[in-house]
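Chain by chain, the residues run as shown.
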Amino acid sequence: LVGAAAGMLLLAVAGLAAGTALLWGEQEQTKAGLGSGQRDLDLALQALDQIYSDEAEGQPKIREGLPKDLLDRGLGFYEEFARENAHNQDALLMVARAHHRAGLIFRALGQEDRAEEALDRAISTKREAIRLKPDLANAHYNLALAFSAKGDTDNAIRANREAVRLDPDKAEAHNNLGNGLKDRGEI
């Protein structure tokens, strides 16, 4: 009886060891697959971000033949990405940047209502990112850019001042703060 129990225990331990080894192997394969999938996602996001950047910053490649729903589909992708990464400040800032650029593109296309809507979305998303981590100067600087794009000089100045307070070496924030103060007549 003792021998049979010891044999069963040995078989159980061997089965447990084999199962653990198989699970470990599956886990490593899953990690490798996720790593590859993350790299693919990163590449896709970089490509989409570059398209938005080129179009928004005056290097249009597709604007003339832009299908009406292309920007909306891209923004939908970013929104889904934000929902899946709602507690990730970097993801929120990426989504906010996409809305900001879309606002500039809509403005260039003469679609002012859609531009305002996209810029408002950029501001609210940037504020959410700041709520997650309020001490990141770059987030405040990006918020200031969105306010500037909307023509809201006072809020742009406030956001740039906060960026400068958090990172006194942030030259872009100093530059934009100076431009905002100049626009407001505070030479």
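Our subject is the structure that appears above.
The notes below deal with the structure included here. Keep in mind it's a predicted model, so treat the numbers as computed, not measured.

## Observations regarding the environment of phenylalanine 147
Next, step 1: Relative to the elements of secondary structure, phenylalanine 147 occurs in helix 5 (residues 137-150).
Next, step 2: Taking relative accessible area as the criterion, phenylalanine 147 reaches 6% and is therefore assigned buried.
Next, step 3: The spacing of phenylalanine 147 and alanine 122 is 25 residues in sequence and 9.3 Å in space, taken between C-alpha atoms.
Next, step 4: Not counting chain neighbours up to four residues away, the residues in contact with phenylalanine 147 comprise Ile123, Arg127, Asp152, Asn155 and Ala156.

## Observations concerning the environment of aspartate 90
Next, step 1: Among the structural elements, aspartate 90 can be located in helix 3 (residues 89-108).
Next, step 2: Each C-alpha atom, one on aspartate 90 and one on alanine 139, is 9.4 Å from the other, the two residues being 49 residues apart in sequence.

## A few points about the packing of aromatic side chains
Next, step 1: Under the definition given, this model contains zero aromatic pairs.
Next, step 2: A cation over an aromatic ring shows up here: lysine 170 above the ring of tyrosine 141, its NZ or CZ 4.8 Å from the ring centre.

## Observations concerning the side chain of glutamine 89
Next, step 1: Its location among the elements puts glutamine 89 in helix 3.
Next, step 2: Relative accessible area serves as the criterion here: at 10%, glutamine 89 is assigned to the buried category.
Next, step 3: There is a polar contact of 2.8 Å between the side chain of glutamine 89 and the backbone oxygen of alanine 129.
Next, step 4: Excluding residues that lie within four positions of it along the chain, glutamine 89 makes contacts with Ala129, Ile130, Leu132, Lys133, Leu136 and Ala139.

## Notes on the side chain of asparagine 160
Next, step 1: Relative to the elements of secondary structure, asparagine 160 occurs in helix 6 (residues 153-166).
Next, step 2: Discounting residues that sit within four places of it in the chain, asparagine 160 has contacts with Tyr141, Ala144, Ala173, Asn176 and Leu177.

About the criteria used
- Residues numbered from 1 in each chain as written.
- Predicted model: local features only at pLDDT ≥ 70, side-chain atom pairs only at ≥ 80, totals over all residues.
- Heavy atoms only, no water.
- Helix = DSSP H or I, 4+ residues; strand = E, 2+ residues; numbered from the N terminus.
- Buried < 20%, exposed > 50% of the residue type's maximum accessible area, 1.4 Å probe, protein only.
- Contact = heavy atoms within 4.5 Å.
- Phe/Tyr/Trp six-rings, centres within 6.5 Å; stacked < 30°, edge-to-face > 60°.
- Lys NZ or Arg CZ within 6 Å of the ring centre and 35° of its normal.
- Polar contact = N/O pair within 3.5 Å; in protein donor to acceptor, adjacent residues only side chain to side chain.

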